[in-house]
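# Overview (structure and organization)
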Amino acid sequence: MKEVGILQLIEKISKGTVKVAVIGLGYVGLPMAVEMARAGYDVYGVDSDPTKVAKLLQGQSYIIDIGDDALEGLIGQRLHPVTDIKVLEHSDIVVICVPTPLTDDHQPDTSYIETAIDQAIPHLRKQTLLILESTTYPGTTEELIRPVIEQRRDWTVGQDFYVCFSPERVDPGSVHFNIRNTPKVIGGCTPDCLAAGVAFYGSFLEQMVPVSSTTVAEAAKLFENTFRSVNIGMVNELTAACEKIGINIWEVLDAAATKPFGYMPFYPGPGIGGHCIPVDPLYLSWKSEQHGFPLEFVDLADRMNRRMPLYIAERIEALLAKEGKAMNKAEIVLAGVAYKKDIDDVRESPALVLFEHLKEMGASVSFTDPYVKSFKLNGEVIQSRAANTRLWESADIVVITTDHSALDYQQLVDQAPLVFDTRNATVHCTGGHVVILGHPGTGGGAAVG
């Protein structure tokens, strides 16, 4: 028979009377907080950045997937942005959506999780359900959350409080999948923890995928993105090989993609970006190595993908040399610096790495991006330039690093003296002087690897 506490919590969830706190209002936390508020819950959005909170209080969103209109009728009524974590004292459910980056030496950085838990503990009340959504290594919930709360509050998980892990699955810019219709994986520290988590998320999401433990849920998230990293690494390596052999990699991939079973297409590019693919596999690799089993295949794919920006830089140098131009005298424009098309996210973007490589090689580099106004490089703020005839004609070479839909590629091809397309964005353009990554007869520079 279930304890009275868990029954009361589930009953409050079923009635929609629980109060929820979301810690971290970034690319994951803000959309989740909005979805919860839309479902009718009173939500405290907690973020340590007063600038973010101030914008939200003014009804202004800073996340591309959340328009200002999505905040109308929610801010101050159902969604309450705050900086003070003391609101946990009034919360029945706490969802943690803080960053989990890598350290400078590519080790897992769980400091944001640890800080969030440390600050939250004094304000948690009994029978609170705490859910971690931040991507992390298998075992984090059982190592950094459950025992810390039990020891500091002298509580027992599954009786006095409840803990789950449910990995975020956000696809920025997607027109097909959102928080509501993306299956939600969740694991609990105990059966009652899981029951509470499933009851809560199941009240406003379409499909729940319960698993046997928080560790399984943590590993599932890492497997998803490690799968992508490994396949992208393989395609990036094959791209260089196809250039040498004289095969169009894009045609090969399109042909292979017609197979209705046993195949999933992945495509080459200037590298990998975003929080997930460049980071998650290393969390899994690090944890496996702690158990004496290095994941050599995973590490090889990571090295392959991280090598791509330098490979692209060397290709650019070779293309310029064919035109009789030296890198240290070249004007280079990068078209797009977001890590994927039609979004504003530059986290781990390979275009930024390429930008730095080109600067180090002596080139004069600028960029244009309809979604990114500026970014910082070694303390310097680099501003986006307008995508127009003057920009294209001023460049010795324009490098398409992000295939944003808003760019007029035919105009770019018509006006730029030389174009290096790393995304196959100009495949249907006519005329111009264009080199496309992975097309036959365009190879040059050092081999990737």
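Analysis parameters
One numbering rule holds for all chains: residues counted from 1, following each sequence as written. This being a predicted model, a pLDDT of at least 70 is required before a residue's local features are given, and a value of 80 or more before pairs of side-chain atoms are given or counted; all residues contribute to the totals for chains, interfaces and linings. Where side-chain values are given, they derive from all heavy atoms of the structure, hydrogens and water being excluded. Each helix is a run of DSSP H or I of at least 4 residues and each strand a run of E of at least 2, with the numbering of both proceeding from the N terminus. Nitrogen and oxygen atoms within 3.5 Å of one another constitute a polar contact, given that in protein one can donate a hydrogen and the other can accept it, and given that sequence-neighbouring residues count only through two side-chain atoms. The term salt bridge refers to a pairing of a side-chain nitrogen on Lys or Arg with a carboxyl oxygen on Asp or Glu at a separation within 4 Å. Per-residue accessibility, obtained with a 1.4 Å probe over protein chains only, is compared with the maximum for each type, and a residue is labelled buried under 20%, exposed over 50%, and partly exposed between these values. Whether two strands pair depends on DSSP finding at least two bridges between them. Axis lines are fitted through C-alpha atoms, for helices just across the contact stretch, and the angle between N-to-C directions can take any value from 0 to 180 degrees.

Naming follows an unreviewed UniProt entry, where the protein chain appears as UDP-N-acetyl-D-glucosamine dehydrogenase of Paenibacillus terrae.

Another aspect to go through is the side chain of Arg 307. Within the element layout of this structure, Arg 307 appears in helix α11 (residues 296–322). A polar side-chain atom of Arg 307 sits 3.0 Å from a polar atom in the side chain of Glu 314.

Taken as a whole and judged by the stated rule, the model has 20 salt bridges. Salt-bridge contacts for Glu 35 lead to Arg 38; the nearest nitrogen and oxygen are separated by 3.7 Å. One end of the pair, Glu 35, and the other, Arg 38, are both in helix α2 (residues 29–38), three residues apart, so they sit about a helical turn from each other. According to the relative accessible area criterion, Glu 35 is buried, its value standing at 8%. On the basis of relative accessibility, which here comes to 47%, the residue Arg 38 falls in the partly exposed class. Note that Asp 42 and Arg 78 form a salt bridge whose closest N and O atoms lie 3.2 Å from each other. Highlighted residues: Asp 42 in strand β2 (residues 42–46) and Arg 78 in the loop between α4 (68–71) and β3 (79–82), separated in sequence by 36 residues. With relative accessibility at 33%, the residue Arg 78 sits in the partly exposed group. Through salt bridges with shared partners, a single ionic network connects Lys 12, Asp 92 and Arg 125.

The next subject is the sheet that holds strand β14 (residues 419–421). The parallel open sheet is built from five strands, whose spatial order is β10-β9-β13-β14-β15. Unpaired on one side and paired on the other, β10 (364–368) and β15 (434–436) mark the two borders of the sheet. Pairwise comparison of adjacent strand axes, ignoring direction, gives a mean angle of 20° for this sheet. In this sheet, β15 lies alongside β14 in parallel orientation, the contact comprising three bridges. Of the residues in β15, the one forming a bridge with Val 419 is Val 434.

Peptide bonds are, in most cases, trans, and in most cases residues other than glycine have a negative phi. Unlike most non-glycine residues, His 106 shows phi in positive territory, near 65°. If you trace the backbone, His 106 turns up in the loop between β4 (93–96) and α5 (111–120). His 106 sits in the partly exposed class, given a relative accessible area of 35%. Unusually for a residue other than glycine, Asn 378 sits at a positive phi of about 55°. Structurally, Asn 378 is set in the loop between β11 (374–377) and β12 (380–383).

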